[in-house]
Amino acid sequence: MASPSPFDVIAVVPPGLEEPAAAELAALGASAVRPLRRAVALRADPATFYRLHLQARLPFRFLRQLARFPCHGREDLYEGVQRAADWERWLPPQLSFRVEASGSAGGLNHSHYSALQVKNALVDLQRHLWGKRSSVDLDDPDVVLHLHLSPGRPGGAGPEAVLSLDGGGASLHRRGYRAAMGLAPLKENLAAGLIAHTGWDGRVPLADPFCGSGTLLIEAACRALGRAPGLERDFSLERWPDFDAALWTQERSVAVALARHTLADGQPLAPIVGMEREANVLAMARTNAAAAGVADWIDLQQGDCRDFRPPDAPGVLVCNPPYGDRLGADDDLEALYGDLGRMLKQRCGGWTLWLLSGNPALTGALRMKASRRVPVSNGGIDCRWLRYDIR
Ligand SMILES: C[S@@+](CC[C@H](N)C(=O)[O-])C[C@H]1O[C@@H](n2cnc3c(N)ncnc32)[C@H](O)[C@@H]1O
């Protein structure tokens, strides 16, 4: 049997994670992988597309392209959408749907209006074909469509529309292990991407002295121990008319079989330690680590970061301390960062620190010089993932 042909896919990723995401997706078998802004373009056959949903840690979503067409305005959009796919197959009226839109082209500047235009084109076509239409379901639709409009460039490509299917439905940062969240938690995919930037491979200790609900450590442990992120959730693609249940089961079994109690080469995972001042937040970290199946590998302690004592061998420190926007007052925080800098220099010589900073004034109080600065965005806040080599 000929293998099913690959299709074009866009992985939507957090800004700043394009490069590690491209590396992750290529390693999972995607071809023609190309980092873009906040996205990675790739090609995938159905098996690879399923594998990406089950195993990729960094993307928010995968958009499978149905059609790309010139779009100079509402009429082009309406007609282009009706021609974009074999809708008799993809959207019979018993399936519900939702349309999301981004970008602008040909005077279509309001995403809400553009999405409405797509919806109208589809329900008009359905009425024509079947005399009835799908219902729109914003919360849990069978099919999630995504429209991206691009205005084109002077002398280059003209305005264009790309219509895609969202394979996840709900954002892939939701793995399903995190019922409990502290204040200002990191999204799981951002945490996984920050860990990927550090290059930590599980062979040296990892510590987070401001661990909150534990997201950085849990994502790190899951990656080191081969726990696939997509095994505890549903995906929209499971409801698509071309869903291949046998292929999905096969890819799911492969993903399940990756889970280990050691690193891939059988070596033990190095110690992972977290510290958090608030007892109730630490309890959330424990609950989450247990739900993710990695509680046995993460030592979670209650305490103040000033009293933090790292494991013996030098390793990697990661942290997302409060930075004033959502927690605490700036004065206290300056003192906290000053104390953190002193603690690190006294006790963590030889370690590498990666700190997520949303406030340069505070990181100045560390009195240390960053050797790398990766711009990232945390919930819309412009941040830097800063690397310090502690002497
Ligand atoms: C921005 S949150 C970390 C969120 C975490 N990355 C997550 O995803 O849940 C900062 C955490 O540091 C804790 N914290 C604040 N001051 C601290 C201190 N002096 N020692 C230890 N933890 C502290 C707060 O209680 C909060 O949970």
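Residues numbered from 1 in each chain as written. Predicted model: local features only at pLDDT ≥ 70, side-chain atom pairs only at ≥ 80, totals over all residues.

Caption draft 1: How the structure looks around helix α9 (residues 279-291). With 13 residues, α9 ought to run about 18 Å at 1.5 Å a step, and its terminal C-alpha atoms sit 18 Å apart, in line with that. Residues of α9 that are buried: V281, L282, M284, A285, N288 and A289. Looking straight down α9, one finds that the buried residues subtend no more than 150 degrees of arc, so they occupy a single side. Exposed residues pointing more than 90 degrees away from the buried face of α9 are listed as A279 and N280. Downstream of α9 by one or two residues, G293 has phi in the positive range, about 80 degrees. (Helix = DSSP H or I, 4+ residues; strand = E, 2+ residues; numbered from the N terminus. Expected span 1.5 Å × (residues − 1). Buried ≥ 20, exposed ≤ 12 C-beta atoms within 10 Å, placed from the backbone. Arc of directions from axis to C-beta.)

Caption draft 2: Seen up close, the domain arrangement of the protein chain. According to the domain assignment, the protein chain contains domain 1 (7-166) and domain 2 (188-225 + 260-389). Centre-to-centre, using C-alpha coordinates, domain 1 lies 36 Å away from domain 2. Contacts between the two partners involve eleven residues from domain 1, matched on the other side by twelve residues from domain 2. Of the residues belonging to the side of domain 1 that touches domain 2, the class tally is eight nonpolar, one polar and two charged. (Domains from an automatic or database assignment. Contact = placed C-beta atoms within 7 Å. Nonpolar A, V, L, I, M, F, W, Y, C, P; charged D, E, K, R; others polar.)

Caption draft 3: View of the environment of A115. Within the secondary structure layout, A115 lies in helix α5 (residues 111-130). For the pair A115 and V281, spaced 166 residues apart in sequence, the C-alpha separation works out to 40 Å. Setting aside residues up to four positions removed in sequence, A115 forms contacts with V99, E100, A101 and L147.

Caption draft 4: Local environment of the site of the ligand. Lining the immediate surroundings of the ligand are 21 residues, of which F210, G212, S213, T215 and R277 lie closest. When residues of the shell around the ligand are traced back to their parent elements, those giving at least two are α7 (215-224) and β9 (272-276). The residue makeup of the shell around the ligand, split by class, is twelve nonpolar, five polar and four charged. (Near = placed C-beta within 6 Å.)

Caption draft 5: Seen up close, the sheet that holds strand β14 (residues 381-389). A sheet is described by the order of its strands in space; here seven strands give the open sequence β10-β9-β8-β11-β12-β14-β13, paired in mixed fashion. The sheet is open, and its two borders are formed by β10 (298-302) and β13 (372-378), each paired with just one other strand. Strand-to-strand twist in this sheet, taken as the mean axis angle between neighbours without regard to direction, amounts to 20 degrees. Sheet analysis places β9 next to β10, joined by five bridges and oriented parallel. Pairing of V273 across the sheet is with D299, part of β10. Lying on the sheet, helix α6 (residues 188-198) is in contact with β11 (316-319), β12 (352-357), β13 and β14; it crosses β11 at an angle near 150 degrees. (Pairing = 2+ DSSP bridges. Axes fitted to C-alpha atoms, helices over the stretch in contact; angles between N-to-C directions.)

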